[in-house]
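Spelled out, the chains give:
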Amino acid sequence: MFDSLSDRLSKTVRNWLGQGRLSEDNIQDSLREIRLALLEADVALPVVKIFIDNIKAKAIGVDVIKTLSPGQMLVKIVQDELTLLLGEKNDALDLAIKPPAVMLLAGLQGSGKTTSAAKLAKYLTERHEKKVLLVSCDVYRPAAIEQLATLAAEINVDIEASNASEQPLEIAARAKLRAQKEWYDVLIVDTAGRLHIDEAMMHEISALNAALNPIETLFVVDSMTGQDAATTAKAFNDALPLTGIILTKTDGDARGGAALSIRHITGKPIKFLGVGERVTALEPFHPDRLASRILGMGDIVSLVEEAQLHVDKVKADKLTKKMQKGKGFDLEDFRDQIAQMNKMGGIQSLMGKLPGMGAIPANVKDKVNDKSFVQIVAIINSMTPKERRDPDILKGSRKKRIANGSGTQVQDVNRLLKQFYDMQTMMKRMGKGGKGLMAMLGGMGGGMPPMPGR
Amino acid sequence: MFSFLKKKSPEVVNSPTTDTCELEPIKPALEGNINLDEPVIAVKKSLLSRFRVNLTKTRHKFTDQVANLLLGKKVIDQALLDELETLLISADLGMEATQIIIKGLTQNIARKALTNPDALWDALRRALIDILTPCQKRLDLSHSKPAVFLMIGINGAGKTTTIGKLSHYLKAQGLNVMLAAGDTFRAAAVEQLQAWGARNQLPVIAQQTGADSASVLFDAVTAAKARHSDVLLADTAGRLHNKDHLMEELKKIKRVLGKAEPGAPHEICLVLDAGIGQNGLVQLEKFHQALGVTSLILTKLDGTAKGGIIFAIAEKFKLPIYFIGVGEHVDDLRPFNAIEFVDGLLPLMTL
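How each quantity is defined
Residues numbered from 1 in each chain as written. Chains lettered and ligands numbered in written order. Predicted model: local features only at pLDDT ≥ 70, side-chain atom pairs only at ≥ 80, totals over all residues. Heavy atoms only, no water. Helix = DSSP H or I, 4+ residues; strand = E, 2+ residues; numbered from the N terminus. Buried < 20%, exposed > 50% of the residue type's maximum accessible area, 1.4 Å probe, protein only. Pairing = 2+ DSSP bridges. Lys, Arg positive; Asp, Glu negative; His and termini not counted. Salt bridge = Lys/Arg side-chain N within 4 Å of Asp/Glu carboxyl O. Contact = heavy atoms within 4.5 Å. Axes fitted to C-alpha atoms, helices over the stretch in contact; angles between N-to-C directions. pLDDT = per-residue confidence, 0-100. Polar contact = N/O pair within 3.5 Å; in protein donor to acceptor, adjacent residues only side chain to side chain. Nonpolar A, V, L, I, M, F, W, Y, C, P; charged D, E, K, R; others polar. Phe/Tyr/Trp six-rings, centres within 6.5 Å; stacked < 30°, edge-to-face > 60°. Lys NZ or Arg CZ within 6 Å of the ring centre and 35° of its normal. Expected span 1.5 Å × (residues − 1). Arc of directions from axis to C-beta. 1 Å grid on protein atoms, 1.4 Å probe; cavity = no way out; pocket = protein on both sides within 12 Å on 5 of 7 lines; lining within 4 Å. Points joined across faces, edges and corners; volume = space filled by probe spheres on them. Right-handed = clockwise from strand over helix to strand, strands pointing away.

Peer 1: Pulling in residues and values, what's your account of the overall build of chain B?
Peer 2: Helices and strands together make up the secondary structure of chain B, namely 13 helices and eight strands. With 351 residues in all, chain B has 60% of them scored as buried.

Peer 1: Give a detailed account of the sheet that holds strand S2 (residues 177-180) of chain B, specifying residues and quantitative values.
Peer 2: Residue and element names in this part refer to chain B. Taken together, the eight strands give an open sheet; going across it, the order is S3-S2-S4-S1-S5-S6-S7-S8, and neighbouring strands pair in mixed fashion. Looking at which strands have only one partner, the edges of the open sheet turn out to be strand S3 (204-205) and strand S8 (333-335). Pairing of strand S5 (residues 267-273) with strand S6 (residues 295-299), which is carried by five bridges, proceeds in the parallel orientation. In the strand pairing of S6, Leu-270 is matched with Leu-296.

Peer 1: For the side chain of Asp-228 of chain A, give the residues involved together with the corresponding values.
Peer 2: Relative to the elements of secondary structure, Asp-228 of chain A occurs in helix H9 (residues 228-239). Among buried charged residues, Asp-228 of chain A stands out as having no salt bridge; its nearest opposite-charge side chain is Lys-306 of chain B, 5.1 Å away. Excluding residues that lie within four positions of it along the chain, Asp-228 of chain A makes contacts with His-196 of chain A together with Asp-92, Thr-304 and Ala-305 of chain B.

Peer 1: Residue-level account of the sheet that holds strand S3 (residues 158-160) of chain A, with values.
Peer 2: All names here are of chain A. With mixed pairing, eight strands are arranged side by side in an open sheet as S3-S2-S4-S1-S5-S6-S7-S8. Strand pairing shows two members of the sheet lacking a second neighbour, S3 and strand S8 (282-284), which therefore form its edges. Looking at each pair of strands side by side, their axes are set apart by 25° on average, direction ignored. With five bridges joining them, strand S2 (residues 132-136) and strand S4 (residues 186-190) adopt parallel strand pairing.

Peer 1: Which residues make up the confidence of the model for chain A, and what are the values?
Peer 2: Residue-level pLDDT values for chain A average 79, and 73% of them are 70 or greater. Note on residues 355-363 of chain A: pLDDT is under 50 here. Beyond four places in sequence and across chains, it has 10 contacts.

Peer 1: Account for the interface of chain B and chain A, naming residues and giving values.
Peer 2: Listed by partner, the interface residues are 45 residues for chain B and 42 residues for chain A. For the pair chain B and chain A, the number of links is three salt bridges. With its nearest N and O atoms 3.9 Å apart, the salt bridge here joins Arg-32 of chain A to Glu-85 of chain B. Our count for the contact surface shared by chain B and chain A stands at 17 residue pairs in polar contact (both at pLDDT 80 or more). For the side of chain B that touches chain A, the elements supplying multiple residues, two or more each, are helix H3 (47-70), helix H4 (78-90), helix H8 (189-200) and helix H11 (279-291) of chain B. Per-element tally for the side of chain B that touches chain A: the top contributor is H8 of chain B, with five residues. Of the residues that constitute the side of chain B that touches chain A, the class distribution is 14 nonpolar, 17 polar and 14 charged.

Peer 1: A description of the packing of aromatic side chains should follow, citing residues and the corresponding values.
Peer 2: In the structure shown here, the tally under the stated rule is seven aromatic pairs over all chains. When the ring of Phe-420 of chain A is compared with that of Tyr-421 of chain A, the centres are 5.6 Å apart and the planes differ by 55°; the resulting orientation is tilted. Assessed through its relative accessible area of 0%, Phe-420 of chain A is described here as buried. Over the ring of Trp-196 of chain B we find Arg-199 of chain B; its NZ or CZ atom is 4.2 Å from the centre of that ring.

Peer 1: Would you mind going over H11 of chain B in detail, with residue names and values included?
Peer 2: For an α-helix, 3.6 residues make a turn, and residues three or four places apart therefore share a direction. All names here are of chain B. Across its 13 residues, H11 extends 18 Å between first and last C-alpha, which sits within 8% of the 18 Å expected from 1.5 Å per residue. Residues Asn-279, Gly-280, Leu-281, Val-282, Gln-283, Leu-284, Phe-287, Ala-290 and Leu-291 constitute the buried set of H11. Count one or two residues on from H11 and you reach Gly-292, which has phi positive near 80°.

Peer 1: Tell me about unusual backbone geometry, and please be specific about residues and values.
Peer 2: The omega torsion across Lys-145 of chain B and Pro-146 of chain B is -5°, close enough to zero to call that bond cis. Among the structural elements, Pro-146 of chain B can be located in the loop between helix H6 (117-132) and strand S1 (147-152). Looking along the chain, the bond that leaves Ala-264 of chain B and enters Pro-265 of chain B is cis, with omega of -10°. Along the chain, the position of Pro-265 of chain B falls in the loop between helix H10 (244-260) and S5. Non-glycine residue Glu-129 of chain A carries a positive phi angle of around 50°. Along the chain, Glu-129 of chain A falls in the loop between helix H5 (113-127) and S2. Overall, Glu-129 of chain A belongs to the exposed group, its relative accessible area being 68%. Located in the positive-phi region is Asn-156 of chain A, a residue other than glycine, with phi close to 65°. Looking at the element boundaries, Asn-156 of chain A is found in the loop between helix H6 (144-155) and S3. Under the relative-accessibility criterion, Asn-156 of chain A is labelled exposed at 70%.

Peer 1: Which residues make up helix H19 (residues 396-406) of chain A, and what are the values?
Peer 2: Residue and element names in this part refer to chain A. The complete set of buried residues in H19 reads Lys-399, Ile-402, Ala-403 and Ser-406. The arc that holds every buried residue of H19, seen down its axis, measures 100°, which confines them to one face. Opposite the buried face of H19, by more than 90 degrees, sit the exposed residues Ser-397, Lys-400, Asn-404 and Gly-405. In the segment just after H19, Gly-407 is the residue with positive phi, at about 70°.

Peer 1: Describe in detail the environment of Tyr-184 of chain A, supporting the description with residues and values.
Peer 2: Residue and element names in this part refer to chain A. Within the element layout of this structure, Tyr-184 appears in the loop between helix H7 (168-181) and S4. Along the backbone, Tyr-184 and Val-220 are 36 residues apart, and their C-alpha atoms lie at a distance of 23 Å. The contacts of Tyr-184, once residues within four sequence positions are left out, are Pro-99, Pro-100, Lys-131, Val-132, Leu-133, Asp-158, Arg-178 and Ala-179. Here the side chain of Tyr-184 touches Asp-158 through a polar contact of 2.5 Å, side chain to side chain.

Peer 1: I'd like to hear about the pattern of salt bridges, residue by residue, with values.
Peer 2: Enumeration according to the criterion identifies 27 salt bridges over all chains in this entry. A single network of salt bridges, built from pairs that share partners, joins Glu-160, Glu-166, Arg-174, Arg-178 and Glu-182 of chain A.

Peer 1: If you had to explain empty space enclosed by the protein to someone new, which residues and values would you point to?
Peer 2: Under the criterion given, the structure shown has nine cavities of 30 Å³ or more. Reported here for the largest cavity is a volume of approximately 190 Å³. Along the walls of the largest cavity sit 18 residues, with Leu-108 and Thr-225 of chain A together with Asp-273, Gly-275 and Lys-300 of chain B positioned nearest its centre. In terms of residues, the lining of the largest cavity owes the most to one element, strand S5 (residues 216-222) of chain A, which gives three residues.

Peer 1: Can you lay out the pairing of S2 of chain A for me, pointing to particular residues and giving the numbers?
Peer 2: Residues and elements named next belong to chain A. Extensive coverage of S2 is indicated by the burial of five of its five residues. Here S2 shows two buried faces, one formed by Val-132, Leu-134 and Ser-136 and the other by Leu-133 and Val-135. As defined by bridge partners, S2 adjoins S3 across three bridges and the pair is classed as parallel. By the bridge assignment for S3, Leu-134 is matched with Ile-159. Note on the crossover from S2 through H6 to S3: the handedness is right-handed.

In structure tokens, the structure reads:
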């Protein structure tokens, strides 16, 4: 499938690895890659353009933190900006009015309004202990009213009966009256799916909105929507005073770029995510998670933040200098890097945050464990300083002594040495650009060097 | 050179508006209440004009953009090509299909085969038509009796509505059609299909919600054989392609159908929402991998969504696209036609 943004960026930044500052010249290619990645994630084009301009303004002149590659720095800027644009975490529903709080759901056909209405009712009943009344004003689609009635029975929430021969406005007015009379806290009004260019239907929904005077008018939209999301969102936002967005079908594997378009165009908060077919599958919205997903990557930002926090900068610099002077990467450096990795929560937690790691089967992941690193450190600790600096001198009797000293077998020592030589080759190949731990992790993401494991 | 472009484009801009005005008074009647006892009578307005109106309405914005792009341009330059690329992407064509098209155009420009924006426009049209032409095939259900037509897709793509419209279409062709309510999961999906059956006066084989979908469909095939139906249209529950257990359920349905009638299902049709973004391709890949999809139907083309993902799909899979859905009415299902589709996207602006 598509390359993740971080993979794409690493391709474009390879040429300017030595540069310590992001500039107009060196980010040009990267910006193109970001643009493509956003488009492939279905972010609408006008939004992409504005977004790229923002990134450009923010990135130029930024100093690259030594432990990061410029590409990672750029990814961080992009993700921060995305998170910012996607808005606040979980804007709560506004229930602070004289009951009933009316909530009106609107959207295109098949976006998930009826299912969301039931999920929302369940959520409000259970989490907020509200007395909820549901009503369907969908008199057009066959069996739409029955669908909501079935769901209402399933979640044990009251529903105002309606039928397809009535006018939506009549149904809504009757439901609101009942909600007032019978002291319901919340009235959730489901409506028929409609196209934003269907004037008669758009007129109907604004009339409904005017009559109900809802405290929440929620736009329900499929997270898999393509470029058209921008057009649709704009039309609904123009016709209705939207207060928020429900993003549905987010349990699929679409990147969900539509969320960014809709959020940007309407300026309204995304309040909930539909995460499955069951009536409980409704979650408050987390902008950071969605940002990662749009970019198609793991939680690289928190990885970057941890790197900033935990990596011993002095040691990393020392290694970088050493590499630049042309001196080899030795076993002592190897040990230091393992120690730094442990400071960052160990290999398993790091792998969870690396992009592309989701695709690795669990049994392979399990083979890479922190325990095997303990053994490596023990073996290295059993060597003399001279041996650590120059492992070539290790012959049979030395290996036997080291194995005994570390409580391992000669084979384990040999395996470690092989891994070490592989890594040394890799480090040499990286040459002057070697950036210590991060470069090593980058290499691991690409499938090399062989992981220690048993 | 551009005189006709300049002359023609205002018409292109205006015509949808006029058509919309014509259509408006009819609309409420079309979308009126569904009364099971009185099937909605087909509106006499010509099908083709309905389709044209809906499709033109859909596309005029895109066309305007392209026309604006070409107007006032004397030479083809990189900026123009970049803009075209951008436009194709914004129609949901996706990077791969877009780049193939742009690359082809660029090569022709390099060979001096394209020298002005008019020629570029034509070449773009031709390229788009060429991609879709292999997909333009007529649905032929005469090989087997009953022909079992299995409808699959993600939630809310429009499977049940499409079955309703397709059953009307097939019945009008004199075929003996039966419906099977294989969506036993979603609340009131069975009732929704039954409503369509009643409206089109067709038998519907159904059990209650929660029943085993494969067993409902097995019974339906048996019933279709007993009643000598020509076609059995089998609905299934919407499912996301990344839910393994639901994909396994579909595989089981396919196996069970094969047991009920050798060779069944004869068609496995994926229903795609025209509004879908790049995930449409992933959907097809996953469903194809699990079941072997044999054809496509593209729904909801009456909005502003361009359905451009089918270009990417056609590039990769060359599956027949039998129909497109252009509205909620029972008549709003049209055989897919590559030239008509591209005409909606980029009308013939030169003579």
